[in-house]
Amino acid sequence: VLIGATGSGKSSFAARWFKPTEIVSSDRCRGLVSDDDNDQSVSADAFELVATIAGKRLKNRRLAVIDATNVRAADRKAWVELARRWHAVPVAIVLDPGLDVCVERNTARADRDFGPGVPQRMIQEIRRGLCALDKEGFRQIWKLNSSGAIEAARIERRPMWTDRRNDHGPFDV
């Protein structure tokens, strides 16, 4: 689950480290249901689609990267529950390059003309909830608190400890 304010670089980070098929983007799902990635009026339908796609991926033992702001604990709760339902490890990656970076990036996007107040509120909400991410059920939490940390981050793929598909017998049980 990617967590970050608008303009924090979640989609760029996801595109850099994950296959396009692994990324389940709320903006992309808005586009799929309304032909407009920024149409907030279809958010409920878009997030229903995100949950469906992520659930199908997890059911089939595939990685699902939730690319949405996921600012509030209530927003993240469903993702933790979905991971648990399919016996996957819920992981949080928090991207917080700072307010100035988020505002600058949003200013450069014609479709994100809402001023500095929106990312500022999102960042405050994220920072308030950081210490409770483990209590929400995330088993791994990665906090990237600057543009440099985000740029320097590396993703290492490891099978879950329960994934024994590559172990071959004979076994005595």
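Report on the accompanying structure. (Residues numbered from 1 in each chain as written. Predicted model: local features only at pLDDT ≥ 70, side-chain atom pairs only at ≥ 80, totals over all residues. Heavy atoms only, no water.)

Things to note about the nonpolar core
Then step 1. One finds I3, I66 and L133 to be the most contacted residues of the largest nonpolar core, which totals 27 residues.
Then step 2. Mapped by element, the contributors of at least two residues to this core are helix 3 (43-59), helix 4 (73-85), strand 4 (91-95) and helix 6 (117-129).
Then step 3. The residues contacting I3, other than those within four sequence positions of it, are K10, T69, N70, R76, A92, I93, V94, L95, I126 and L133.
Then step 4. Counting residues in hydrophobic clusters, the runner-up holds ten residues, among them L2, F18, L144 and I150. (Core = buried A, V, L, I, M, F, W, Y, C linked by side-chain atoms within 4.5 Å. Buried < 20%, exposed > 50% of the residue type's maximum accessible area, 1.4 Å probe, protein only. Helix = DSSP H or I, 4+ residues; strand = E, 2+ residues; numbered from the N terminus. Contact = heavy atoms within 4.5 Å.)

Quick look at unusual backbone geometry
Then step 1. In this model, D35 sits at a positive phi of 65 degrees, which is unusual for a non-glycine residue.
Then step 2. Here D35 shows up in the loop between helix 2 (26-34) and helix 3.
Then step 3. A positive phi angle, close to 60 degrees, is found at H87, a residue other than glycine.
Then step 4. Relative to the helices and strands, H87 is located in the loop between helix 4 and strand 4.

Let's talk about the pairing of strand 4
Then step 1. With four of five residues buried, strand 4 lies mostly within the body of the structure.
Then step 2. As paired strands, strand 1 (residues 2-3) and strand 4 are joined by two bridges and run parallel to one another. By the bridge assignment for strand 4, I3 is matched with V94.
Then step 3. In this structure, strand 4 lies alongside strand 5 (residues 140-144), joined through five bridges in parallel fashion. For I93, the partnering residue across the bridge sits in strand 5 and is W142. (Pairing = 2+ DSSP bridges.)

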